[in-house]
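# Coordinates in review
The primary structure of each chain is shown beneath.
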Amino acid sequence: MLIVNLLSRAELLGFDKHIPPFANTNGCDILKGVNYASASAGIREETGKHLGICISLDWQLKNHHVTISGIERKLGGHDSAINHLKQCLYTVGMGSNDYINNYFMPRKYLSSRHYDPEQYAEVLIKQYSLQLRTLYNYGARKMVLFGLGQIGCSPNELAHHSPDGTTCVQKINSTIQIFNNRLKSLVDELNTNLADARFIYIDSYGIFQDVISSPTSYGFKVTNAGCCGVGRNNGLITCLPHQIPCPNRNGYLFWDAFHPTEAVNTIAAWRAYSSQSASDAYPVDIRRLAQL
């Protein structure tokens, strides 16, 4: 289950049900929240296209603009819609696919040939900044930006690049941290330069580090293989249709070759909402942001 769905639960943000997708949300439901997420999509337009049709962040923003037009009609004008949007909580978690389904796939994408890790992070953050400013210009003020997790610890990367199938791939994780560090700095920049902006950064990498450093204390028994998948670490091919998953998914860190289980995402959601350590959220956690 996605972190945003877990955050929307009644005991956290108080929603009665999960936030519905853009494709089938209409009427007054658009006033309660819309999910624009698209599998394999990224900050960059080409990201994930080898997997088929996906809706990039630029296109998600266009879909959000459609929603705003609907809100204007429902609330009776542009000013009323803007006042409504200023009170909304936006969660944005982009970038993982720009690495998994782009930069780390040199046979399918040229980005790793054109940019070293520092340059690529800079290119991504520059484009991401423009996209977030577009969201701000649409009326968003409270925005939660999720950093990237430890992709180098995923079953897929372990299967391909870890000699013992257990040790995380440090080269990949170091590359991810370059992006995360720049994203956290971007939060400061946006909060400083955009009036009334309230951006926060969630340290997904650090939260996952706590879990993987002491998995048994969180109830996890398997840290290096997917609950459902094919090949080494159940990570060479992701979970296939009609494949029978493991019976004890709550004991696994990963559901498939790339994605954490609901048990892990629940931990991340709670810590994003109410920080367990000072580094979990910056400059405030989601609970505090929602109150502002």
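As a reminder, the structure under discussion sits directly above these lines.
Residues numbered from 1 in each chain as written. Predicted model: local features only at pLDDT ≥ 70, side-chain atom pairs only at ≥ 80, totals over all residues. Heavy atoms only, no water.

## Some remarks on the overall build of the protein chain
Looking only at helices and strands, the protein chain features 11 helices and 8 strands. The dimensions of the protein chain, computed from C-alpha atoms along their principal axes, are 60 × 45 × 40 Å. The proportion of buried residues among the 292 residues of the protein chain is 47%. Pairs at least 24 residues apart make up 66% of the contacts formed inside the protein chain by residues separated by at least 6 positions. Of the accessible surface of the protein chain, which amounts to about 14,200 Å², a share of 53% is contributed by carbon and sulfur atoms. Taking the average location of the 26 positive side-chain charges in the protein chain and that of its 23 negative ones, the two points are 3 Å from each other. (Helix = DSSP H or I, 4+ residues; strand = E, 2+ residues; numbered from the N terminus. Buried < 20%, exposed > 50% of the residue type's maximum accessible area, 1.4 Å probe, protein only. Contact = heavy atoms within 4.5 Å. Areas by Shrake-Rupley, 256 points an atom, 1.4 Å probe, with all protein chains shown as cover. Lys, Arg positive; Asp, Glu negative; His and termini not counted. Charge placed at Lys NZ, Arg CZ, Asp CG, Glu CD.)

## A word on the nonpolar core
Counting 44 residues, the largest nonpolar core has Tyr99, Tyr128, Leu132, Leu145, Phe179, Leu183 and Phe199 as the members making the most contacts within it. Of all elements in the fold, only helix H2 (57-75), helix H3 (78-87), strand S1 (89-92), helix H4 (96-103), helix H6 (117-138), strand S2 (142-146), helix H8 (170-193) and strand S3 (198-202) reach the threshold of two or more residues within this core. With near-sequence residues (within four places) excluded, Tyr99 lies in contact with Phe104, Tyr120, Ala121, Leu124, Leu148, Ile151, Thr175, Ile176 and Phe179. With 16 residues, the next largest nonpolar core counts Leu6, Leu12, Val144 and Tyr273 among its residues. (Core = buried A, V, L, I, M, F, W, Y, C linked by side-chain atoms within 4.5 Å.)

## What about H8?
Each turn of an α-helix holds 3.6 residues, which means side chains three or four residues apart point in the same direction. Spanning 24 residues, H8 covers 35 Å between terminal C-alpha atoms, matching the ideal 34 Å at 1.5 Å per step. Of the residues making up H8, those classed as buried are Ile172, Asn173, Thr175, Ile176, Ile178, Phe179, Asn180, Leu183, Leu186, Val187 and Leu190. (Expected span 1.5 Å × (residues − 1).)

## Here's the deal with unusual backbone geometry
With omega at -5°, the peptide bond leading from Tyr282 into Pro283 counts as cis. Counting through the fold element by element, Pro283 comes out in the loop between strand S8 (281-282) and helix H11 (286-291). The backbone of Ser40 sits at a positive phi, close to 75°, despite the residue not being glycine. Positionally, Ser40 belongs in the loop between helix H1 (3-7) and H2. Residue classification places Ser40 among the buried residues on the basis of a relative accessible area of 12%. In this structure, Asn234 takes a positive phi of about 50° despite not being glycine. Within the secondary structure, Asn234 sits in the loop between strand S5 (229-230) and strand S6 (237-238).

## Focus on the layout of surface pockets
A volume near 190 Å³ is recorded for the second largest pocket. As for the second largest pocket, its lining consists of Gly14, Phe15, Asp16, Lys17, His18, Ile19, Pro20, Asn24, Thr25, Asp29, Lys32 and Gly33. (1 Å grid on protein atoms, 1.4 Å probe; cavity = no way out; pocket = protein on both sides within 12 Å on 5 of 7 lines; lining within 4 Å. Points joined across faces, edges and corners; volume = space filled by probe spheres on them.)

## Quick word on the pairing of S1
Burial along S1 is one-sided: the face carrying Tyr90 and Val92 is buried and the face carrying Leu89 and Thr91 is not. Pairing geometry for S1 and S2, over 4 bridges, is parallel. By the bridge assignment, Val92 is partnered in S2 with Leu145. (Pairing = 2+ DSSP bridges.)

## Things to note about the packing of aromatic side chains
With the rule as written, the count across this model stands at 10 aromatic pairs. Pairing Tyr99 with Phe179 gives two aromatic rings, centres 6.1 Å apart and planes at 80°, and the pair type is edge-to-face. A residue pair is termed long-range when its members are at least 10 positions apart, and Tyr99 in helix H4 and Phe179 in helix H8 qualify at 80 residues. Judged by its relative accessible area of 0%, Phe179 is buried. Aromatic rings pair up to connect Tyr99, Tyr103, Phe104, Tyr115, Tyr120, Tyr128 and Phe179 into one cluster. Above the face of the Trp59 ring, Lys62 is positioned so that its terminal group lies 3.8 Å from the ring centre. Over the ring of Tyr282 we find Lys184, and its NZ or CZ is 4.8 Å from the ring centre. (Phe/Tyr/Trp six-rings, centres within 6.5 Å; stacked < 30°, edge-to-face > 60°. Lys NZ or Arg CZ within 6 Å of the ring centre and 35° of its normal.)

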